[in-house]
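Per-entry structural report
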Amino acid sequence: MLRWLIGGGREPQGLAEKSPLQTIGEEQTQNPYTELLVLKAHHDIVRFLVRLDEYRFASAGDDGIVVVWNAQTGEKLLELNGHTQKITALITFPSLEACEEKNQLILTASADRTVILWDCDTGRQVQKVSCFQSTVKCLIVLQRLDVWLSGGNDLCVWNQKLDLLCKTSHLSDTGISALIEIPKNCVVAAVGKELNVSFVTGSHVGEMIIWDILDWTVQACECNFWDPSPQLDTQQEIKLCQKPNDISIHHFTWDEENVFAAVGRGLYVYNLQMKRVIACQKSAHDSNVLHIAKLPNRQLISCSEDGSVRIWELREKQQLAAEPVPTGFFNMWGFGRVNKQASQPVKKQQENAPPCSLELIGDLIGHSSSVEMFLYFEDHGLVTCSADHLIILWKNGERESGLRSLKLFQKLEEDGDLYLAV
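The present account deals with the structure reproduced in this document. What you see is a predicted model; the values in this text were computed from it and never measured.

Spanning 19 residues, helix H6 (residues 397-415) covers 27 Å between terminal C-alpha atoms, matching the ideal 27 Å at 1.5 Å per step. Of the residues flanking the end of H6, it is Gly-416, one or two places downstream, whose phi is positive at about 85°.

This is how it looks when you write it as structure tokens:
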């Protein structure tokens with residue numbers, strides 16, 4: 001009894017029964033990424049990846065450098081040095097109208113309180129802004145208005161020539177952590193909390209709100225992600241024992257039908273029409289899920305602090321057949337059929353059960369530390385960055401094998417060796 005009182009005994013009902021982590025065997029028949037290339041250039045945590053075009057991407061992190069890569073070969077193309085502290089934001093920037101050459105530009109912000117505009121084709125530093133009073137935590141380009149915004153303790157608006165147009169007063173909170181564009185030339189800024197998509201907001205307390213961007217009314221709200229089964233009674237002691245990380249919404253992605261949310265260690269699919277969670281994996285990873293992205297063919301990719309990258313498929317559950325009604329002698333006395341009162345909770349549980357499931361079809365193990373985010377290239381594979389200072393380029397093994405065979409035949413044909421047998 002004493003051991004239980006000081007916290008060494010059993011847990012409250014509900015917490016003790018944790019959802020087991022779904023695993024997959026070594027034979028991952030539905031996982032196309034069977035080859036990998038390890039890219040080394042950074043010497044600290046790599047936090048950001050941005051796609052430049054069909055075959056190039058850029059990476060940045062806590063070492064303050066930006067590296068431009070070839071997504072097809074994994075070749076390091078350029079290294080951009082200019083910041084003295086870690087990089088806090090990285091976005092692509094539209095080409096300047098004044099420049100005849102339409103080169104690919106990127107904008108980087110750093111803890112050194114500067115923002116730099118880079119030319120990713122030449123590697124040169126186009127322009128540098130050093131008038132910030134605090135760290136810039138986020139950047140966004142409003143291409144339609146030919147302006148870009150920076151968020152930190154101040155919200156600043158700049159033109160394409162990097163001239164300051166206006167700014168807000170100093171914010172006493174933790175500053176702006178995210179910016180999104182919405183219609184009517186407006187932006188939404190998240191102050192001290194995470195905000196990921198244009199019509200959905202998520203908070204560290206596990207609350208998701210879907211807004212009508214025309215009249216700012218709440219269309220739907222979901223605040224019970226950690227246990228989406230409405231048939232279970234929420235006990236006060238269980239609610240108090242929930243850790244913030246278990247219910248914190250870390251990332252969103254969406255399509256026309258669903259919102260895909262990374263909540264704690266789990267993945268949840270919220271249907272916009274039904275206004276309910278239709279599928280979930282409460283323990284999709286061993287640690288917090290940091291980034292998710294939707295792929296074609298109803299697939300989803302997630303990465304986590306546990307160093308893994310996992311591929312999921314959204315599948316509809318098969319409807320269970322109705323239970324046959326027993327007949328015969330024992331049924332006359334009530335032995336062969338469950339009474340009506342007992343069957344009602346079971347029926348209600350089946351009605352409230354999610355109609356879909358997230359099935360694990362691929363598990364990419366290559367990083368030794370937290371995977372911060374990833375990029376998906378349809379033709380060139382998947383790119384992941386991590387706290388282990390590495391970038392991994394995951395390749396479709398079947399596709400790469402076919403390309404190697406094609407190159408071999410082309411080489412033999414050029415040398416004339418293909419016709420020696422003839």
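We now examine the nonpolar core. One finds Phe-93, Leu-107, Val-115, Leu-139 and Trp-148 to be the most contacted residues of the largest nonpolar core, which totals 17 residues. When contributions to this core are tallied by element, the ones reaching two or more residues are strand S6 (87-93), strand S7 (105-110), strand S8 (115-119), strand S10 (138-142) and strand S12 (155-159). Setting aside residues up to four positions removed in sequence, Leu-107 forms contacts with Ala-89, Leu-90, Ile-91, Phe-93, Val-115, Ile-116, Leu-117, Leu-139 and Trp-148. Listed in part, the 16 residues of the second largest apolar core include Val-46, Ala-71, Met-373 and Cys-385.

Strand order in the open sheet formed by 4 strands is S1-S29-S28-S27, and the pairing between neighbours is antiparallel. In the strand order of this sheet, the two ends are held by strand S1 (33-40) and strand S27 (371-377), each with one partner. Put simply, the sheet's adjacent strands are angled 20° from each other on average, direction ignored. Packed onto the sheet, H6 meets S1 and strand S29 (390-396) and runs at close to 75° relative to S29.

Take the environment of Cys-166 next. Of note, Cys-166 is situated in strand S13 (residues 164-167). For Cys-166, a relative accessible area of 43% translates into the label partly exposed. Sequence separation between Cys-166 and Leu-155 is 11 residues; the distance between their C-alpha atoms is 8.5 Å. The residues contacting Cys-166, other than those within four sequence positions of it, are Leu-155, Cys-156 and Val-157.

On inspection of all chains with the given rule, the structure shows 5 aromatic pairs. With 6.2 Å between their ring centres and 55° between their planes, Phe-57 and Phe-377 make a pair best called tilted. Here Phe-57 is found in strand S3 (residues 56-61), whereas its partner Phe-377 is found in strand S27, with 320 residues between them in sequence. Arranged with centres 6.5 Å apart and planes meeting at 80°, the rings of Phe-93 and Trp-148 form a pair that is edge-to-face. Within this pair, whereas Phe-93 is found in strand S6, its partner Trp-148 is found in strand S11 (residues 147-151), the two being separated by 55 residues in sequence. No difference in accessibility class separates Phe-93 from Trp-148, as the two residues are buried.

Our next topic: the environment of Val-371. With respect to the element layout, Val-371 can be found in strand S27. The class of Val-371 is buried, set by a relative accessible area of 0%. Taking the C-alpha atoms as reference points, Val-371 and Asp-388, 17 residues apart in sequence, are found 8.4 Å from one another. The residues touching Val-371, leaving out its near neighbours within four places in the chain, are Leu-290, Cys-303, Ser-304, Gly-307, Ser-308, Val-309, Thr-384, Cys-385 and Ser-386.

Moving on, we come to the pattern of salt bridges. Inspection of every chain in the model, using the stated rule, returns 10 salt bridges. Here Arg-47 ties to Asp-62 by a salt bridge, and the two come within 2.8 Å at their closest N and O atoms. One end of the pair, Arg-47, is in strand S2 (residues 46-51); the other, Asp-62, is in the loop between S3 and strand S4 (66-70), and 15 residues separate them in sequence. On the accessibility criterion, Arg-47 (29% relative accessible area) is partly exposed. Note that Lys-76 is salt-bridged to Glu-79, the shortest N-O span being 2.5 Å. The exposure class of Glu-79 is partly exposed, given its relative accessible area of 34%. One salt-bridge network, in which partners are shared between bridges, spans Arg-47, Asp-62 and Glu-372.

This paragraph deals with the sheet that holds strand S21 (residues 266-271). Taken in spatial order, the 4 strands line up as S19-S20-S21-S22 in an open sheet, and their pairing is antiparallel. Looking at which strands have only one partner, the edges of the open sheet turn out to be strand S19 (249-254) and strand S22 (276-281). For this sheet, the mean inter-axis angle between neighbouring strands, taken without regard to orientation, is 20°. Pairing geometry for S19 and strand S20 (residues 258-263), over 5 bridges, is antiparallel. Within S20, the residue paired with Thr-253 across the bridge is Phe-260.

About the criteria used
- Residues numbered from 1 in each chain as written.
- Predicted model: local features only at pLDDT ≥ 70, side-chain atom pairs only at ≥ 80, totals over all residues.
- Heavy atoms only, no water.
- Helix = DSSP H or I, 4+ residues; strand = E, 2+ residues; numbered from the N terminus.
- Expected span 1.5 Å × (residues − 1).
- Core = buried A, V, L, I, M, F, W, Y, C linked by side-chain atoms within 4.5 Å.
- Buried < 20%, exposed > 50% of the residue type's maximum accessible area, 1.4 Å probe, protein only.
- Contact = heavy atoms within 4.5 Å.
- Pairing = 2+ DSSP bridges.
- Axes fitted to C-alpha atoms, helices over the stretch in contact; angles between N-to-C directions.
- Phe/Tyr/Trp six-rings, centres within 6.5 Å; stacked < 30°, edge-to-face > 60°.
- Salt bridge = Lys/Arg side-chain N within 4 Å of Asp/Glu carboxyl O.

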